[in-house]
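Now for the letters of each chain:
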Amino acid sequence: MSNSTAENGASSYSGTMIAVNAVIAVAVALGAVWVVNGFNVFYERLDRVSPTVDGGGIGTAFAQGNDIGWLVFMVEAIHAIDVLTGLFILVLVFVHWSAFRRLASRMRQPGEARAMPDGGDTDGENGGDSR
Amino acid sequence: MTNLDHGKFTRMTTVFHSLLAMDVFFLFFTGYAIMFNDELWWMLTLMGGSGSVAALHRVFGVGLLALVTFWVLMMVTTDTGRSNFREVLPTPDDAKAFVQDIQFVLGNAEERHPNARQFAGGTADEIPLLSYVGKGVIFIFAVELTLLSISGLLIWSKTGLMQYFATQTAAMAFVVFHGLLGVVMLMGIMFHIFEHGFHPAFFPVETKAFIPRSMIPESHDDDDEGTGIERLQLSSGWASATNLAGAATVIGIVSVLTASIYDTGYPVSLELLVGGGATNLLLTVGVNIGMLVLFFGMVLSVYGNLVRIRWEQQMAEGEGAEAEAEAAD
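Source: prediction; values computed, not measured.

On to the overall build of chain B, then. Within chain B one finds ten helices and zero strands. Reading the secondary structure of chain B in the N-to-C direction produces α-α-α-α-α-α-α-α-α-α. The buried share of chain B, reckoned over its 329 residues, is 40%. Contacts in chain B between residues far apart in sequence, at least 24 positions, make up 74% of those at least 6 positions apart.

This is the structure we're talking about:
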């Protein structure tokens, strides 16, 4: 698709090809970074001592470094509370978002003429807001 | 101006709300720069590294302790505070209001329940001091701020804590607990910003949190049925702004929730960086969008106070003109 009949005989590039290749180039760059991000090893695994022995070695899990039972439970419990309240908060967001849309549809739309509450009476009795 | 509804709160409450908001926003920015360091490393660097951020976090922590103590004292030692206790307690109507909100969204109810209604308009007499969400906010804040204050004081000195709990890992577990506890509030505040910034009648901010009720005229024609919201004009920017903010809020909540699952405080780092986990580009973008929502909330809080100052000036001018007219008579 390159345009070989440009002025003074030199070949040039079409705008479409420049745009398409630019998009592909950005996608390749982001994709490459995305892929190498996936190479990351969860470093709890890297920092273990003797990871090949039975049970995964010293420091297999956070609980092994911290052997105070109630403290482990507290951290686990708060993880669960975070997830449960998070899901409920998301429900609240969606409920309010939808409720707002419904309320907005009842309002006068931008640029719409002011509706007269008593059917077009313009004598200014309603706070003198007739214009 | 569409966003001046009936006032609800005293000047003490509105000023307290603004101070608490600022303090909590800065606690979030400093605290989660540490906790979500995998995603917010730039924030930590921007504020001078982990040492500086931890120091700033402590400064705002002291501020929070003072604010919480002040609020408890005001609620216990004053008649107004004590009489408001009843207003804070959940009632069966609050549960009904939540159910009716879902029905309203599904089209099975015509109006939001009075305990859910943010825009009171002509129905102000039916509206309680706090909506069901408002009561939830107070409840969560009471529990969270108490636990955050206690765990925050416990981890103030790590070596002091290790004296009682022997290992560095145990001390770190308290740090993790403290950080995970705040995640509930972090998500709740994002929703709070959306809820009070994007109601179509109040967009871009619900001013009753900033303008005390003493400054808002309460008289109006009572001949209207319902809230009268249909007489208000929708802002032309509302739809796109709300879609953008709603999407950012959802992405922010989901991302900090996901990021928090991986943060368990192991291995124990030499610097105070709670991290570890499946950090990837998507999560990094998402958590940063969450911080953007918080930043936007901070801007809205400042804007609310700007609107209050302008309203104060307008009232003063009105009163000045009235006094002049009287003097002329």
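In terms of helices and strands, chain A carries four helices and zero strands. The order of helices and strands in chain A, counted from the N terminus, is α-α-α-α. The buried share among the 131 residues of chain A stands at 14%.

Right, let's get into the nonpolar core. All names here are of chain B. Ranked by size, the top nonpolar core spans 77 residues in total, and within it L186, M187 and M190 carry the most contacts. Here this core gets 20 residues from one element, more than from any other, and that element is helix α8 (residues 168–197). Not counting residues within four places of it along the chain, the set of residues in contact with L186 comprises F28, Y32 and V256.

So, about the packing of helix α4 (residues 69–106) of chain A against helix α5 (residues 92–106) of chain B. Running from amino to carboxyl end, α4 of chain A crosses α5 of chain B at an angle of 50 degrees, the nearest separation of the two axes being 9 Å. Relative to α5 of chain B, the element α4 of chain A lies oblique. In the crossing of α4 of chain A with α5 of chain B, the sense of the turn from one axis to the other is left-handed. Taken together, the residues of α5 of chain B that come into contact with α4 of chain A (itself represented by V95, S98, A99 and R102 of chain A) are D101, I102, F104 and V105 of chain B. Considering only residue class, the contact of α4 of chain A with α5 of chain B consists of five nonpolar, one polar and two charged.

With that settled, the discussion passes to the packing of helix α9 (residues 238–262) of chain B against helix α10 (residues 281–328) of chain B. Residues and elements named next belong to chain B. Running from N to C, α9 and α10 point in directions that differ by 120 degrees, and their axes come no closer than 7 Å. With respect to their mutual orientation, α9 and α10 come out oblique. Crossing geometry of α9 relative to α10 is assigned as left-handed. Seen from α9, the contacting residues are A248, T249, I251, G252, V254, S255, V256, T258 and A259; seen from α10, they are L283, G286, V287, I289, G290, L292 and V293. Tallied by class, the residues present in the contact of α9 with α10 amount to ten nonpolar, six polar and no charged.

We now examine the confidence of the model for chain B. Residues and elements named next belong to chain B. Per-residue confidence for chain B gives a mean pLDDT of 87; residues scoring 70 or more make up 91%. Looking over chain B, one finds the lowest element-wise mean pLDDT in helix α7 (residues 158–165), namely 72, and the highest in α9, namely 95. Per the prediction output, this complex has pTM 0.80; the corresponding ipTM is 0.89.

All names here are of chain A. When pLDDT is averaged across chain A, the result is 73; 55% of the residues are at 70 or more. The weakest mean pLDDT in chain A belongs to helix α2 (residues 43–46) at 48; the strongest belongs to α4 at 93. Ignoring residues within four places in sequence, the model shows residues 119–131, a span with pLDDT below 50, making five contacts including any to other chains.

Attention shifts here to the environment of I251 of chain B. Residues and elements named next belong to chain B. Within the secondary structure layout, I251 lies in helix α9. On the neighbour-count criterion, I251 (20 C-beta atoms within 10 Å) is buried. Separated by 39 residues in sequence, I251 and G290 place their C-alpha atoms 7.0 Å apart. Beyond its immediate stretch of four places on either side in the chain, I251 contacts G286 and I289.

Moving on, we come to the environment of S83 of chain B. Tracing the chain through its elements places S83 of chain B in helix α4 (residues 79–88). Assessed through the 9 C-beta atoms surrounding it within 10 Å, S83 of chain B is described here as exposed.

Further remarks concern helix α6 (residues 132–154) of chain B. Spanning 23 residues, α6 of chain B covers 33 Å between terminal C-alpha atoms, matching the ideal 33 Å at 1.5 Å per step. When α6 of chain B is considered as a whole, its buried residues turn out to be Y132, V133, G134, K135, L145, L148, S151 and G152 of chain B.

Rules used in this analysis
- Residues numbered from 1 in each chain as written.
- Chains lettered and ligands numbered in written order.
- Predicted model: local features only at pLDDT ≥ 70, side-chain atom pairs only at ≥ 80, totals over all residues.
- Helix = DSSP H or I, 4+ residues; strand = E, 2+ residues; numbered from the N terminus.
- Buried ≥ 20, exposed ≤ 12 C-beta atoms within 10 Å, placed from the backbone.
- Contact = placed C-beta atoms within 7 Å.
- Core = buried A, V, L, I, M, F, W, Y, C linked by C-beta atoms within 7 Å.
- Axes fitted to C-alpha atoms, helices over the stretch in contact; angles between N-to-C directions.
- Parallel < 35°, antiparallel > 145°, perpendicular 65-115°, else oblique.
- Left-handed = near helix turned anticlockwise from the far one by under 90°.
- Nonpolar A, V, L, I, M, F, W, Y, C, P; charged D, E, K, R; others polar.
- pLDDT = per-residue confidence, 0-100.
- Expected span 1.5 Å × (residues − 1).

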